[in-house]
Amino acid sequence: MHQWMRKSGTIVNHFKSLLLVTNNLSSWRSYSFVKRSQFAASFAHNLPVADRDFINSSTHFCPRRFESVKSEKMANNVDDNQALELPEGKVKFTPKLRFISETADERECCYRVLDENGNQISSSNYVEYREAGVLLWRGFTIQEFANQCFSNKADYGKGRQMPIHYGSNKHNYVTVASTVATQLPQAVGAAYSLKMEKQDACAIAYVGDGGTSEGDFHAALNFAAVTDAPVIFFCRNNGWAISTPTSDQFRSDGVVVKGRAYGVRSIRVDGNDALAVYSAVHAARDMAIREQRPILIEALTYRVGHHSTSDDSTKYRPVKEIEWWKMEQDPVTRFRNWMENNSWWSDKAESEARNSARKQILHAIQEAEKVDKPPVADIFTDVYDSPPSHLCEQEKLLREAIKRHPQDYPSDVPL
Ligand SMILES: Cc1ncc(C[n+]2csc(CCOP(=O)(O)OP(=O)(O)O)c2C)c(N)n1
Ligand SMILES: [Mg+2]
């Protein structure tokens, strides 16, 4: 044992002398500091000095960097003549011990079209719970939205889903699932079937930053890459997965770099710039279909609202931070400024549109309230041709429980 320890100690020392990793942290720390403050400054430049503290100290979108990143820079001594032929391509040899750095020298740039004031600076379905806009755009009516939220008989999900978990066959919009990120591998499967049928179409799946921390995200990207599936992964990186900041979710330069790891073409866009998002999705769709390949889009934004009605985000982040994003980075204001700069929009048009939308929504809510609820029996249908014995048993137990405790069950649900 003693002999073995001595031997392995010698080996370790030998490797230590070969290792290019330096222990001199100080230069790297200062590099990291400059990058961080430059990035934060781009968001904080409009704030009074005292109010910038929280932005500069924020960990959002600031990956931690480590000394070993240097190793990549120092070891690009590659022998061009010696290479290993692999099924996926040629890999050259190097005599240098070299680790791939965990972050690149420069953070991935973020594509934008509009500046903060809405001035143009360049010319240029599988969903989650925040994509109601996609459905609205495709023609789902306000009444249909209200019917789902009220779980009435007109709801296509027959009241079995949580509110805002919409779905529509007519609009090729697969019903929202509460289980985070499960839509991603499903979308790849759908995209692969579009490919086999040689359809002129692709699938798009939306996910939050929190969803990228799920295994399904990684399985989906890999699956899409190896099958060359025409699918767009659209990630809303809004800084938070409920109360977990992105800095506690990953050490990478956000989400965009994960595409490269799986061999998926990727882009980072300013998620608060509607024109940048539109152009990126437009180009991604074109590439996905024409070149039959998956694309990853990371849209950088911030969740100014609470995660849900049961969340109070002021418990885990400063109100000032929320207010700053709300006031300085609002995507609707930016888009509106651009429209007004082009004389396509005005205060009058804004107030008319808002009043009309409010009226339509109130009317839809009143109508949805009047419609009956689906019957209890509907809970047990639509999955099996003939219900299996355990479901029959559950239905029997439920009906007995309702009979015993009628006061605990909603009176407007027909038995
Ligand atoms: C598989 C699974 N794990 C955990 C949850 C609980 N959950 C619901 S939403 C959420 C956070 C998702 O992250 P993100 O989409 O970034 O959230 P947001 O930006 O809306 O806060 C979690 C962990 C869930 N619904 N499903
Ligand atoms: Mg999020």
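Analysis parameters
- In every chain, residue numbers begin from 1 and rise along the written sequence.
- A letter from A marks each chain and a number from 1 marks each ligand, given out in the order of writing.
- In view of the model being predicted, local features appear only for residues whose pLDDT reaches at least 70, and side-chain atom pairs are presented and counted only at 80 or more, with totals across whole chains, interfaces and linings using the full set of residues.
- Strands are labelled as partners when DSSP assigns at least two bridges between them.
- Where helices and strands are cited, they refer to DSSP runs of H or I of at least four residues and of E of at least two residues respectively, numbered from the N terminus.
- Lines fitted to the C-alpha atoms define the axes, with helices restricted to the stretch that makes contact. Angles between their N-to-C directions range from 0 to 180 degrees.
- Throughout, a pair of residues is in contact if the C-beta atoms placed from their backbones lie within 7 Å.
- Between the first and last residue of a helix there are one fewer steps than residues, each counted as 1.5 Å, and that sum is the expected span.
- Residues with at least 20 other C-beta atoms within 10 Å of their own are called buried, those with 12 or fewer are called exposed, and the rest are partly exposed. The C-beta atoms themselves are positioned from the backbone.
- In this analysis, residues qualify as near a molecule or strand once their C-beta atom, positioned from backbone atoms, comes within 6 Å of it.
- The classification used treats Ala, Val, Leu, Ile, Met, Phe, Trp, Tyr, Cys and Pro as nonpolar, Asp, Glu, Lys and Arg as charged, and all other residues, Gly among them, as polar.
- Any angle from 65 to 115 degrees is called roughly perpendicular, while one under 35 is roughly parallel, one over 145 is roughly antiparallel, and all others are oblique.
- Crossings are sorted by hand: turned counterclockwise from the far helix by less than a right angle, the near helix makes the crossing left-handed, and turned clockwise it makes it right-handed.
- Here the term right-handed applies to a crossover when the path leading from its first strand over the helix to its second strand runs clockwise, the strands being oriented away from the viewer.
- Per-residue confidence from the predictor is given as pLDDT, running between 0 and 100.
- Think of a nonpolar core as buried Ala, Val, Leu, Ile, Met, Phe, Trp, Tyr and Cys residues chained together by C-beta atoms that fall within 7 Å.

1. Details of the sheet that holds strand S4 (residues 231-237)
The strand order across the open sheet formed by four strands is S3-S4-S8-S7, and the pairing between neighbours is parallel. Every interior strand has two partners, whereas the edge strands, strand S3 (203-208) and strand S7 (265-270), have only one. Here the strands of the sheet are splayed against their neighbours by 20 degrees on average, with no regard to which way each runs. Summarising the sheet, S3 and S4 pair through six bridges and their orientation is parallel. Within the sheet, the bridge partner assigned to isoleucine 204 lies in S4 and is isoleucine 232. Seen against the sheet, helix H7 (residues 183-196) touches S3 and S4 and runs at an angle of roughly 170 degrees to S3.

2. Examining helix H10 (residues 274-290)
An ideal rise of 1.5 Å per residue puts 24 Å on 17 residues; H10 measures up with 24 Å between its terminal C-alpha atoms. When we look at burial in H10, the residues that qualify are Leu275, Ala276, Val277, Ala280, Ala284 and Ala288. Buried residues belonging to H10 abut S4, S7 and strand S8 (295-300). Positive backbone phi, approximately 50 degrees, marks glutamine 292, located one or two places after H10.

3. Let's talk about the environment of glycine 263
Mapping glycine 263 onto the fold places it in the loop between helix H9 (256-262) and S7. Judged by the 15 C-beta atoms lying within 10 Å of it, glycine 263 is partly exposed. Expressed as a C-alpha distance, the spacing of glycine 263 and alanine 224, which sit 39 residues apart in the sequence, is 9.4 Å.

4. Considering the site of ligand 1
Taken together, 13 residues form the shell around ligand 1, and within it Val180, Gly208, Gly210, Ala241 and His307 come nearest. The residue makeup of the shell around ligand 1, split by class, is four nonpolar, seven polar and two charged.

5. Side note on the packing of H7 against helix H8 (residues 215-227)
For the pair H7 and H8, the least separation of the axes is 8 Å and the interaxial angle reads 15 degrees. With respect to H8, the element H7 is oriented roughly parallel. As for how H7 packs across H8, the hand of that crossing is left-handed. In this structure, H7 contributes Leu184, Pro185, Val188, Ala191 and Tyr192 to the contact, and H8 contributes Asp216, Phe217, Ala219, Ala220, Phe223, Ala224 and Thr227.

6. Here's the deal with helix H13 (residues 347-370)
With 24 residues, H13 should reach 34 Å at 1.5 Å per residue; the first-to-last C-alpha distance of 35 Å fits that figure. For H13, a buried count of one out of 24 residues is recorded, marking the element as mostly open to its surroundings.

7. Some words on the pairing of S8
Taking burial as the measure, the six residues of S8 include six buried ones, the bulk of the element. A two-sided burial pattern is seen for S8, the buried positions comprising Ile295, Ile297 and Ala299 on one face and Leu296, Glu298 and Leu300 on the other. Across six bridges, S4 lies against S8 in parallel orientation. Paired with phenylalanine 234 across the strands is isoleucine 297, a residue of S8. You can see the chain leave S7, run along H10 and come back into S8, and the turn it takes is right-handed.

8. Digging into the confidence of the model for the protein chain
Interpretation of the predicted coordinates at a detailed level should be avoided for regions scoring low in pLDDT. On average, the protein chain scores 83 in pLDDT, and the residues at 70 or more come to 79%. Every residue in residues 1-52 scores below 50 in pLDDT, and together they form 33 contacts with partners more than four places removed in sequence or on other chains. Note that pLDDT drops below 50 for residues 54-71; the model gives that stretch 52 contacts with residues more than four away or on any other chain.

9. Description of the nonpolar core
In this structure, Ala191, Ala203, Ala205, Val231, Ile232, Phe233 and Ile297 are the most contacted members of the largest nonpolar core, which totals 45 residues. Elements represented by at least two residues in this core include exactly H7, S3, H8, S4, H9, S7, H10 and S8. Once residues lying within four places of it in the same chain are set aside, the contact partners of valine 231 are Ala187, Val188, Ala191, Cys202, Ala203, Ala205, Ala224, Ala288 and Pro294. Judged by nonpolar contacts, the second largest core, of eight residues, contains Leu135, Phe140, Phe150 and Ala368.

10. What to know about unusual backbone geometry
Its identity is not glycine, yet lysine 198 carries a phi of approximately 55 degrees, on the positive side. One can find lysine 198 in the loop between H7 and S3. In this structure, isoleucine 242 is a non-glycine residue whose phi angle is positive, near 50 degrees. Structurally, isoleucine 242 is set in the loop between strand S5 (240-241) and strand S6 (244-245). Residue classification places isoleucine 242 among the partly exposed residues on the basis of 14 C-beta atoms within 10 Å.

11. A short note on the pairing of S3
Note on strand geometry: in a regular strand, side chains alternate between the two faces of the sheet. Most of S3 sits out of view: six of its six residues are buried. The side-chain alternation of S3 yields two buried faces, one formed by Ala203, Ala205 and Val207 and the other by Ile204, Tyr206 and Gly208. In this fold, S3 hands off to H8, which returns the chain to S4; that crossover is right-handed.

12. With respect to the packing of helix H6 (residues 142-149) against H13
The geometry of H6 relative to H13 is characterised by a closest axis approach of 8 Å and an angle of 45 degrees between their N-to-C directions. With respect to H13, the axis of H6 lies oblique. In terms of crossing hand, the pair formed by H6 and H13 is right-handed. Residues Ile142, Gln143, Ala146 and Asn147 of H6 lie in contact with H13, whose contacting residues are Gln360, Ile361, Ala364, Ile365, Glu367 and Ala368. Grouping the amino acids of the contact of H6 with H13 by side-chain chemistry returns six nonpolar, three polar and one charged.

13. Side note on the environment of valine 269
Position of valine 269 relative to the elements: it lies in strand S7. Considering only alpha carbons, one finds valine 269 and leucine 300, 31 residues apart in sequence, at a separation of 6.3 Å. When near neighbours in sequence (up to four residues on either side) are disregarded, valine 269 contacts Cys110, Tyr111, Ala276, Val277, Ala280, Ile297 and Ala299.

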